[in-house]
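Structure assessment
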Amino acid sequence: RELVVSFGEMLIDFVPTVAGVSLAEAPAFLKAPGGAPANVAIAVSRLGGGAAFVGKLGDDEFGRMLAAILRDNGVGGGGVVFDAGARTALAFVTLRADGEREFMFYRNPSADMLLTADELNVDLIKRAAVFHYGSISLIAEPCRTAHLRAMEIAKEAGALLSYDPNLREALWPSHEEARTQILSIWDQADIVKVSEVELEFLTGIDSVEDDVVMKLWRPTMKLLLVTLGDQGCKYYARDFHGAVPSFKVQQVDTTGAGDAFVGALLRRIVKDPSSLQDEKKLVESIKFANACGAITTTKKGAIPSLPTEAEKKRVLHLTCPFCLP
Ligand code: ATP
């Protein structure tokens, strides 16, 4: 039982053809398939693991294109449902020259928001060794109820629950609502991964010191991770905690680094769940996940740059001179 089942949104990001412009200034946009939970499933599969995606797509050209991307990457599509009456979600995204990200979402409502609990592939979810999800699927009904039900089914069937909130503040009605809803399912997760930005958003404190991270720790958790971009990540388990630096690479586009990191780590955990209790094994797995995150930043887009087994070996072989101190 090594299947990772990922639940949530799959959509198309439209990114400017040139760097550092606002959405209004962009001369043209490229289609970049994405959606964090779908990226995670593809990351697991690219690394040789079993993965499936559960979510809803529009019964349109883009929805069928996304389903084909899952299939071409070896991700089980038994949990994918199509909606004849709603479009696949679109997001226009840019990183402006001043470092600010601009988003414009077309979700009014999009197909992913319309998944119902009745449409869940219960048998597939019950086969998960790890059930992974984010928080975007919590924003609107009926998807929210479907999300909560899927978590329940997976937990009852003995899966580990993995949560990467993937905060998209612009999609929530307010800052406070986002915080409350993201934390409303905090206690159920066995594995939680947050970025530095999410740590600050959830705690209200701009610091990655242990005492701040511990505000997000729960006794029911098995692993809490804080990813720190090119600095690697910090890990917190029941009996130990520490930090693992990443690998030095030529960064081109960081989109999808977090998803590659999560996918790689989950792949290792389903292969050997004892790594959650064994610090030496866990650190090895985190190094692997860091390498996969690092590789993802060396190419444009999320899905095209998610590493394969062969590529990850390349980075792991870049030993001392390239490692961060
Ligand atoms: P995103 O939401 O953009 O996908 P994230 O904020 O969730 O990403 P990051 O901290 O950016 O996650 O990246 C995840 C992991 O990938 C890091 O912990 C690190 O190991 C690796 N990584 C990311 N950026 C770099 C980089 N520039 N150089 C080396 N490793 C990196």
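Everything here concerns the structure above.
What comes next is a walk through the structure. (Residues numbered from 1 in each chain as written. Predicted model: local features only at pLDDT ≥ 70, side-chain atom pairs only at ≥ 80, totals over all residues. Heavy atoms only, no water.)

Observations regarding the overall build of the protein
Note the following rule: Here a helix means four or more residues in a row that DSSP labels H or I, a strand means two or more in a row labelled E, and each is numbered from the N terminus. Throughout, radius of gyration means the C-alpha value; the globule benchmark is 2.2 Å times the number of residues raised to the power 0.38. In this scheme, a residue with accessible area under 20% of its type's maximum is buried, one over 50% is exposed, and one in between is partly exposed, where area comes from a 1.4 Å probe on protein chains only. Exposure was quantified through the Shrake-Rupley algorithm and a 1.4 Å probe, taking into account, for residues, occlusion by the shown protein chains and nothing else. His is not counted here, nor are the chain ends, while Lys and Arg score as positive and Asp and Glu score as negative. We put the charge of a Lys on NZ, of an Arg on CZ, of an Asp on CG and of a Glu on CD.
Within the protein, the regular secondary structure consists of 10 helices and 13 strands. Taking 2.2 N^0.38 as the reference for a compact globule, 325 residues should give roughly 20 Å; the C-alpha atoms of the protein span a radius of gyration of 18 Å, in line with that estimate. Along the longest, intermediate and shortest principal axes, the C-alpha atoms of the protein span 50 × 50 × 40 Å. Looking at the protein as a whole, 54% of its 325 residues qualify as buried. Element-wise, carbon and sulfur atoms account for 52% of the exposed surface of the protein, whose accessible area totals about 14000 Å². Each charge class in the protein was averaged separately, 35 positive and 42 negative side chains, and the resulting centres sit 6 Å apart.

Here we look at the site of the ligand
To keep it simple, the criterion reads: Whether a residue is near a molecule or strand depends on its heavy atoms: if one lies within 4 Å, it is near. Any pair of nitrogen or oxygen atoms within 3.5 Å is treated as a polar contact; in protein, a donor-acceptor pairing is required on top of that, and neighbouring residues in sequence qualify only through side-chain atoms on both sides. As a working rule, the residues Ala, Val, Leu, Ile, Met, Phe, Trp, Tyr, Cys and Pro are called nonpolar, Asp, Glu, Lys and Arg charged, and the rest polar, with Gly in that last group.
In the vicinity of the ligand lie 21 residues, with Lys193, Gly229, Ser246, Gln251 and Asn290 positioned nearest. One nitrogen or oxygen atom from the main chain of Ala257 is found 3.4 Å from an oxygen atom belonging to the ligand. Here the ligand loses 86% of its free accessible area of 630 Å² to cover by the protein chains. Tallied by class, residues from the shell around the ligand come to seven nonpolar, 12 polar and two charged.

Things to note about the packing of aromatic side chains
The condition that has to hold: Ring pairs are drawn from Phe, Tyr and Trp, using the six-membered ring of Trp, whenever the two centres fall within 6.5 Å, and their geometry is named by plane angle: stacked under 30 degrees, edge-to-face over 60, tilted for the rest. Two thresholds decide whether a charge sits over a ring: the Lys NZ or Arg CZ must be within 6 Å of the ring centre and within 35 degrees of the ring normal.
Under the defined criterion, the tally for this structure stands at 10 aromatic pairs. Each member of the aromatic cluster is reached from another via a ring pair, and the members are Phe7, Phe131, Tyr133, Tyr163 and Trp186. Positioned over the ring face of Phe288 is Arg268, at 4.9 Å from the centre of the ring.

Regarding the nonpolar core
Worth spelling out the cut-off: The definition of a nonpolar core used throughout is a set of buried Ala, Val, Leu, Ile, Met, Phe, Trp, Tyr and Cys residues joined through side-chain atoms within 4.5 Å.
The biggest cluster of nonpolar side chains holds 51 residues, and the ones touching the most others in it are Met10, Ile42, Leu223, Leu225, Tyr235 and Ile286. Looking at this core, the element that brings in the most residues is helix H8 (residues 257-271), giving eight residues.

Topic: the sheet that holds strand S10 (residues 191-195)
Basically, it comes down to this: Two strands form a pair only when DSSP identifies at least two bridges running between them. Here the axes come from fitting lines to C-alpha atoms, over the contacting stretch only for helices, and the angles between their N-to-C directions go from 0 to 180 degrees. Only heavy atoms enter the contact rule, under which two residues are in contact if any of them lie within 4.5 Å.
One open sheet accounts for nine strands, arranged S5-S4-S1-S8-S9-S10-S11-S12-S13; its pairing is mixed. Of all strands in the sheet, those with a lone pairing partner are strand S5 (76-83) and strand S13 (241-244), marking the two edges. For this sheet, the mean angle separating the axes of adjacent strands, direction not counted, is 15°. With four bridges connecting them, strand S1 (residues 4-7) and strand S8 (residues 130-133) associate as parallel partners. When the bridges of S8 are listed, Phe7 appears paired with Tyr133. Sheet strands touched by helix H1 (residues 36-46): S1, strand S4 (51-58) and S8. Its angle to S4, the strand with the most contacts, is close to 145°. Contacts from helix H2 (residues 61-72) reach S4 and S5, with the element oriented near 175° to S4.

Thoughts on unusual backbone geometry
In this structure, Pro109 follows Asn108 across a cis peptide bond, with omega equal to -20°. Along the chain, Pro109 falls in the loop between strand S7 (101-106) and helix H3 (122-126). Cis geometry is found at the peptide bond from Glu141 to Pro142, where omega equals 5°. Structurally, Pro142 can be placed in the loop between S8 and helix H4 (143-156).

Here we look at the state of the cysteines
Counted only if it meets this: By disulfide we mean two sulfur atoms from cysteines, separated by a distance within 2.5 Å.
Applying the stated criterion across every chain yields a total of zero disulfides. This cysteine, Cys292, is not joined by any disulfide, and Cys233 carries the nearest cysteine sulfur, 12 Å off. Look at Cys292 and you get buried, because its relative accessible area is 0%.

Thoughts on the sheet that holds strand S3 (residues 29-34)
Read across the sheet, four strands follow the order S3-S2-S6-S7 without closing on themselves; strand pairing throughout is mixed. The strands lining the two open edges of the sheet, one partner per strand, are S3 and S7. Recorded for the sheet is a direction-independent mean angle of 25° between the axes of neighbouring strands. Two elements, strand S2 (residues 11-16) and strand S6 (residues 90-95), share three bridges in a ladder whose sense is parallel. The partner of Phe14 across the bridge, within S6, is Phe92.

Looking at the side chain of Asp112
In this structure, Asp112 sits in the loop between S7 and H3. Judged by relative accessible area, which is 6%, Asp112 ranks as buried. A distance of 2.5 Å separates the side chain of Asp112 from the side chain of Ser110, its partner in a polar contact. For Asp112, the contacting residues outside a window of four places in its chain are Glu9, Lys56, Ala89, Arg107 and Cys143.

So yeah, pure geometry; function would need other evidence.
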